[in-house]
Each structure stands twice: as structure tokens, then as C-alpha cells.
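Below are the chains, spelled out letter by letter.
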Amino acid sequence: MRRLFFMAALLAATVLPGCQAQEAPATPSALDVIMTRTSIRSFTGDPVSKEQLETILKAGMAAPTAMNGQPWRFVVVTDKDKIAEVFAAGPRSGMFTTAGAVIVVCGETTAMRKPFGQPDAAEVEMPNMFWYEDCSAAAENILLAAHALGLGAVWTAGYPAQERIAPIAAALGIPEKVVPLCIIPVGIPAENPEPKDKWKPENIHWEQW
Ligand SMILES: Cc1cc2nc3c(=O)[nH]c(=O)nc-3n(C[C@H](O)[C@H](O)[C@H](O)COP(=O)(O)O)c2cc1C
């Protein structure tokens, strides 16, 4: 139901402004987007526009990153045949073959920026022990941005499962020092699952464990 309300608000925010005399509900807030996102594993097969993909990737690159290192790299595949060839080997291949695009979120394990933390710091080659955390933050932003645009997406595991990432890295020509963290199919949702309620107050320890 929460997701349904979100989709209605999203539709109203994007379609209704052109219609006079209708009072459009407010644009979904950042908290609405966060609380209604859920993994989508079935898509209509329709394409996702380059503009939408760039918006999603911009959100990915807006993530926090240790010392402003920005070690994330993205491989975006939109060609249907290539998606089927590279990603559809596993048992749940439907989520790839019906997606409009697949984003492989990768970490450049040897890239930092110096002087550390400066907005215009130059990229230098040195080990980046935070690539995994930075790229995870980018991946979450990607999932949220896709949802905010009315699209669906799901994080599927890459690193550290070598058997998953080796064939993908080889097929996409990803260099050795760049590690595929996760593989995210993005598309027009063909399912509308309820977000899972993960609120568990017992997981919080106020002031002291
Ligand atoms: C590190 C990580 C690995 C995941 N790997 C997979 C995967 O390989 N296949 C898949 O269908 N979902 C995968 N997921 C999605 C989770 O199954 C999903 O986020 C979880 O069940 C919670 O559901 P929600 O995203 O709808 O809240 C992964 C999520 C994370 C964070």
C-alpha cells in the first residue's frame, strides 16, 4: 500500500502540473523514496532512456566517499543481446533479460584523490581501502534514484563472489584492478511488491550496548 501511494504521488507530481484545476499531491519526499523502495526483479522489457540513466548515475556519484576518493566506475549495458549474453547465465535470468539496462557498479581499488578531501583534488594511483564502502553508498543512491524516477532495480551480488564477477569482468573488458561490486538491472517495473518492514527497535542500543 505504501508503494502504491508513492507511485500515485509520483504520477501526480509528473503528470498533473500540466492540468489546471487539479490539486496535485506533494512531490514524494526523500524519506518517501527511501521508505518505499523495494527490490524489483521483473520488468516490462521496455528501454530506459539515456537521460534517466544519467540521472541515476549522477545520484550514484553524489554518494559520500572516503577522502573524496570517488573510486566508483560504472559499466552500463543497454543492448538486449549483450545483456542476455553477459548476465543471463544464472537461475534468475529473467530480471536481466527484461531489464532496460544493467549497471555494473565497480570499484577502482587503486584510485584516490590528492590533496585528500579537496573538491578539485587530482586522481592519483594508490591503494584505496575504502572502495567497497564508497561503491556500496553509490549503489544505494542508484537504487533510490531509480525508484524516485518510477523505475525498478535490484542489487545483485558481485564481489566477493569470484565465480560471479570473473565472467562478467572478462565479457565487459573490466581491468584487473577494477572490481565489480554489484550488478543492478534497471527497468520499468512489471511487479509491485510491498516494501519490507525492517524496523526493529531491538536492533538499536541507545547510549550504550
Ligand atoms: C550485498 C547484497 C547482495 C544482494 N544480492 C542479491 C542477489 O544476488 N540476487 C537478488 O535477487 N537480490 C540480491 N540482493 C537484494 C536483497 O535480496 C534485498 O535487498 C533484500 O531481500 C531486502 O529486500 P528489499 O531490497 O526489497 O528491501 C542483494 C542485496 C545486497 C545488499
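Before any of the text, the structure's been laid out above.
Residues numbered from 1 in each chain as written. Predicted model: local features only at pLDDT ≥ 70, side-chain atom pairs only at ≥ 80, totals over all residues.

**Student:** Just to check I follow, could you spell out the nonpolar core for this structure?
**Tutor:** Side chains of a nonpolar character, in soluble globular proteins, are inclined to be buried together. Ranked by internal contacts, the top residues of the largest apolar core, which has 42 residues, are V102, V105, I142, I184 and V186. At the level of elements, helix 3 (50-61), strand 1 (72-77), helix 4 (80-87), helix 5 (94-97), strand 2 (101-108), helix 6 (131-148), helix 7 (162-172) and strand 7 (178-187) are the ones that each hand at least two residues to this core. The leading source of residues in this core is helix 6, at nine residues. Ignoring sequence-local partners within four residues, the contact set of I142 consists of I56, A59, G60, I103, V105, A153 and I184. (Core = buried A, V, L, I, M, F, W, Y, C linked by C-beta atoms within 7 Å. Buried ≥ 20, exposed ≤ 12 C-beta atoms within 10 Å, placed from the backbone. Helix = DSSP H or I, 4+ residues; strand = E, 2+ residues; numbered from the N terminus. Contact = placed C-beta atoms within 7 Å.)

**Student:** Where do I start with helix 7 in this structure?
**Tutor:** For an α-helix, the turn length of 3.6 residues means that residues three or four places apart are oriented alike. Of the residues making up helix 7, those classed as buried are I165, I168 and A169. Viewed end-on, helix 7 has its buried residues packed into an arc of 100°, placing them on one side of the element. The outward face of helix 7, more than 90 degrees from its buried face, is lined by the exposed residues E163, A166 and A170. Taken together, the buried residues of helix 7 touch helix 4, strand 2 and strand 7. Positive backbone phi, approximately 70°, marks G173, located one or two places after helix 7. (Arc of directions from axis to C-beta.)

**Student:** Explain helix 3 here, please?
**Tutor:** The end-to-end C-alpha separation of helix 3 is 16 Å, in line with the 16 Å expected for twelve residues at 1.5 Å each. Buried within helix 3 are the following residues: L53, I56 and G60. All buried residues of helix 3 project into a common sector of 65° when viewed along the axis, lining one side. Turned more than 90 degrees away from the buried face of helix 3, the exposed residues are E51, E54 and K58. Buried residues belonging to helix 3 abut strand 1, strand 2, helix 6 and strand 7. (Expected span 1.5 Å × (residues − 1).)

**Student:** Sorry, what's going on with the environment of G90 here?
**Tutor:** On the secondary structure map, G90 appears in the loop between helix 4 and helix 5. As a C-alpha pair, G90 and R164 span 74 residues in sequence and 9.2 Å in three-dimensional space.

**Student:** I tried to follow the pairing of strand 7 on my own but got confused; where do I start?
**Tutor:** Remember that side chains alternate between the two faces of the sheet whenever the strand is regular. Counting buried positions over the ten residues of strand 7 gives ten, a clear majority of the element. Sheet topology places strand 2 next to strand 7; eight bridges connect them, and they run antiparallel. Across the sheet, the residue bridging to C106 is P180, located in strand 7. Pairing of strand 5 (residues 152-153) with strand 7, which is carried by two bridges, proceeds in the antiparallel orientation. Bridging across to strand 7, A153 finds its partner in V186. In terms of strand pairing, strand 6 (residues 156-157) meets strand 7 through two bridges, oriented antiparallel. Bridge assignment links T156 to a residue of strand 7, and that residue is I183. (Pairing = 2+ DSSP bridges.)

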